[in-house]
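This is what each chain is made of:
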Amino acid sequence: MKMQTEFGELDITLNAIRKLVYFAILETYGPVSISSDSWFSKILSSEESRVKIQEDEFGHVKVDAYVELEYGTKISEVGRNIIENVKHKLQNLAGCESVEVNVHVIDVK
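Residues numbered from 1 in each chain as written. Predicted model: local features only at pLDDT ≥ 70, side-chain atom pairs only at ≥ 80, totals over all residues. Heavy atoms only, no water.

As recorded in an unreviewed UniProt entry, the protein goes by Alkaline shock protein and comes from Thermosipho affectus. Taken from UniProt, the Sequence similarities (unreviewed entry) comment for the protein reads in full: "Belongs to the asp23 family." (UniProt positions renumbered as here; feature names shortened; annotations may be inferred.)

Q: Looking at this model, I keep getting lost on the overall build of the protein. Mind explaining?
A: Secondary structure summary: the protein contains 3 helices and 6 strands in total. Of the regular secondary structure in the protein, the N- to C-terminal order runs β-β-α-β-α-β-β-α-β. Among the 109 residues that make up the protein, the fraction classed as buried is 35%. Contacts spanning at least 24 positions in sequence make up 67% of the contacts within the protein whose residues lie at least 6 apart. (Helix = DSSP H or I, 4+ residues; strand = E, 2+ residues; numbered from the N terminus. Buried < 20%, exposed > 50% of the residue type's maximum accessible area, 1.4 Å probe, protein only. Contact = heavy atoms within 4.5 Å.)

Q: Honestly, a negative patch on the surface in this entry has me stumped. Any pointers?
A: A contiguous patch of negative charge, built from Asp 11, Glu 55, Asp 56 and Glu 57, is present on the exposed surface. Here Asp 11 shows up in strand E2 (residues 8–11). For Asp 11, a relative accessible area of 47% puts it in the partly exposed group. (Patch = residues over 30% accessible without salt bridge, like charges linked within 9 Å, V, L, I, M, F, W, Y side chains within 5 Å. Areas by Shrake-Rupley, 256 points an atom, 1.4 Å probe, with all protein chains shown as cover. Salt bridge = Lys/Arg side-chain N within 4 Å of Asp/Glu carboxyl O. Lys, Arg positive; Asp, Glu negative; His and termini not counted. Charge placed at Lys NZ, Arg CZ, Asp CG, Glu CD.)

Q: Is there a simple way to think about the environment of Asn 81 in this case?
A: Topologically, Asn 81 is positioned in helix H3 (residues 75–93). The class of Asn 81 is partly exposed, set by a relative accessible area of 30%. Spatially, the C-alpha atom of Asn 81 lies 8.1 Å from that of Tyr 29, the residues being 52 residues apart in sequence.

Q: Explanation requested: helix H1 (residues 14–27) in the structure shown.
A: Structurally, the α-helix is built with 3.6 residues per turn, so residues lying three or four positions apart point the same way. Taking 1.5 Å per residue as the helical rise, H1 with its 14 residues ought to reach 20 Å, and the 20 Å between its terminal C-alpha atoms agrees with that figure. Listing the buried residues of H1 in full gives Ile 17, Arg 18, Val 21, Tyr 22, Ala 24 and Ile 25. Angularly, the buried residues of H1 cover 165 degrees about the axis, an arc narrow enough to put them on a single face. Buried residues along H1 sit against strand E3 (31–34), strand E4 (51–55), strand E5 (61–69) and H3. (Expected span 1.5 Å × (residues − 1). Arc of directions from axis to C-beta.)

Q: How should I be thinking about the nonpolar core in this particular structure?
A: Side chains that are nonpolar tend, in soluble globular proteins, to be buried together. Of all hydrophobic cores here, the largest spans 23 residues; its most connected members are Ile 17, Val 21, Ile 25, Val 63, Val 86, Leu 90 and Cys 96. Listing elements by their share of this core, those giving two or more residues are H1, E4, E5, H3 and strand E6 (99–108). (Core = buried A, V, L, I, M, F, W, Y, C linked by side-chain atoms within 4.5 Å.)

Q: Is there a simple way to think about the pairing of E6 in this case?
A: Where a strand is regular, its side chains alternate between the two sheet faces. Strand direction decides the pairing type here: E5 and E6, joined by 9 bridges, are parallel. Across the sheet, Leu 69 pairs through a bridge with Val 108, a residue of E6. (Pairing = 2+ DSSP bridges.)

Q: When you look at the environment of Met 3 in this model, what are you seeing that I'm missing?
A: One can find Met 3 in strand E1 (residues 2–5). A sequence separation of 91 residues divides Met 3 from Ala 94, and the C-alpha atoms of the two residues are 9.2 Å apart. Excluding residues within four positions of it along the chain, Met 3 makes contact with Gly 8, Glu 9, Leu 10, Ile 12, Ala 94 and Gly 95.

Next up, the structure:
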């Protein structure tokens, strides 16, 4: 993602956006861990790489987060809080204007 500032051009990598999303999810009440959509990537990858980020040519960012939630929490409320927190972080810290966040609940522990 490239942004033009008064001082020059700023290039934000998808890995940096992935880290922002990862920390935004962990700041939200309810998630136990960030999981993966396949057992193979669960074994071989770190938790940060279990968040999928896509960016199109127009600068729209799509986030797919696979999470495990704490037992006893309201799934819809935690999902909404994750979406709001991730959008807020990406809009304020990374300058992303158009953000779509999808939360996939994999497990309840």
